[in-house]
Amino acid sequence: MTDDSFWTLPPDRVVRGSMGHCDLTVLLPPFDVDAGVLPANDPARAAEFAASLGIVDEILQDLGPRPVRDVPPYTDTRSDLDIVHAAAWGHVLGFSGPALADNGDDTPLLSEARVLRERYPDARIVGRVHFHGGADHTEDLVWLPDGALFHATGWPGDDPFEVTGDPAVIAAALGVPAGTLEDLGLDEEDPADIEWSGFAALALGKADPWGKNHLEITAFRVRHSEFATSRMEELYFVGG
């Protein structure tokens with residue numbers, strides 16, 4: 001272990017690969033809220049939410065507010081991977097962190113969503129994760145309060161690509177017109193050719209807080225769990 005964490009690599013070790021969107025959102029009723037009228041982030045509730053996730057072992061430091069539009073940030077060294085972002089905008093909870101990314105060996109987004117499903121049974125849970133490390137790997141998820149689940153993970157444009165659930169069922173429950181699904185290219189026969197993050201965004205609709213100019217989120221330095229740290233060492237570094 002190094003610097004009070006489970007890392008076996010020094011803080012200045014250069015990271016390989018990068019995150020695109022890497023967000024997990026818990027949308028509690030009412031679902032038709034507009035992100036433009038969400039209340040300011042509550043840092044105390046944000047810390048509570050981040051600490052409740054299985055990938056986070058402990059919150060070490062509150063680094064203060066950041067614009068949501070700047071998340072996820074560019075990661076340069078191993079120490080950057082200890083920084084996560086979380087927010088509680090009223091009844092909308094958000095989290096972004098590098099330990100949600102994967103290369104196909106695991107499904108960290110789905111694992112976290114399972115725990116959140118039990119904690120927030122009335123919520124609509126949406127996740128979008130994109131990791132680039134020579135090739136792209138994505139994991140996207142929509143989980144509705146009635147139990148309907150859509151989950152897609154794999155290498156866009158290539159196999160293997162796994163899809164669980166029927167996007168048409170989710171779309172019907174959300175009241176999304178069939179034409180909108182066609183516009184997203186969901187009529188493609190090969191799921192690896194579909195940009196599933198766009199489908200996940202439909203589940204948030206106007207409530208989607210990510211990328212908004214007016215919202216702030218809190219940055220935290222954390223100690224990730226031992227398992228999450230081990231997975232990140234394999235994902236973000238070459239040669240260990």
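Because the structure is a prediction, the values reported are computed rather than measured.

Asks: Tell me about the side chain of serine 96, and name the residues and values.
Replies: For serine 96, the position within the fold is in strand 4 (residues 92-96). On the basis of relative accessibility, which here comes to 3%, the residue serine 96 falls in the buried class. A distance of 2.9 Å separates a polar side-chain atom of serine 96 from the backbone oxygen of cysteine 22. When near neighbours in sequence (up to four residues on either side) are disregarded, serine 96 contacts Cys22, Asp23, Val71, Pro72, Val84, His85 and Trp210.

Asks: Now, about the pattern of salt bridges: what can you tell me, with residues and values included?
Replies: On inspection of all chains with the given rule, the structure shows six salt bridges. The partner of arginine 223 in a salt bridge is glutamate 58, with the nearest N and O atoms 2.3 Å apart. Linking arginine 223 in strand 9 (residues 216-224) with glutamate 58 in strand 2 (residues 56-67), this pair joins segments that are 165 residues apart in sequence. The salt bridge involving arginine 231 is made with aspartate 106; its shortest N-O contact spans 3.1 Å. One end of the pair, arginine 231, is in helix 6 (residues 226-236); the other, aspartate 106, is in the loop between strand 4 and helix 2 (108-119), and 125 residues separate them in sequence. Residue arginine 231 is classed as buried on the basis of its relative accessible area, which comes to 12%. Residues joined in a network through salt bridges with shared partners are Asp23, Arg128 and Asp208.

Asks: Pulling in residues and values, what's your account of the pairing of strand 5 (residues 124-132)?
Replies: Burial of strand 5 is extensive: seven of the nine residues sit out of reach of the surface. Relative to strand 6 (residues 136-143), strand 5 runs antiparallel, the two sharing eight bridges. The residue bridging glycine 127 from the neighbouring strand is leucine 141, located in strand 6. The antiparallel hairpin formed by strand 5 and strand 6 contains three residues in its connecting segment, where glycine 134 sits at a positive phi of about 95°.

What counts and what doesn't
Residues numbered from 1 in each chain as written. Predicted model: local features only at pLDDT ≥ 70, side-chain atom pairs only at ≥ 80, totals over all residues. Heavy atoms only, no water. Helix = DSSP H or I, 4+ residues; strand = E, 2+ residues; numbered from the N terminus. Buried < 20%, exposed > 50% of the residue type's maximum accessible area, 1.4 Å probe, protein only. Polar contact = N/O pair within 3.5 Å; in protein donor to acceptor, adjacent residues only side chain to side chain. Contact = heavy atoms within 4.5 Å. Salt bridge = Lys/Arg side-chain N within 4 Å of Asp/Glu carboxyl O. Pairing = 2+ DSSP bridges.

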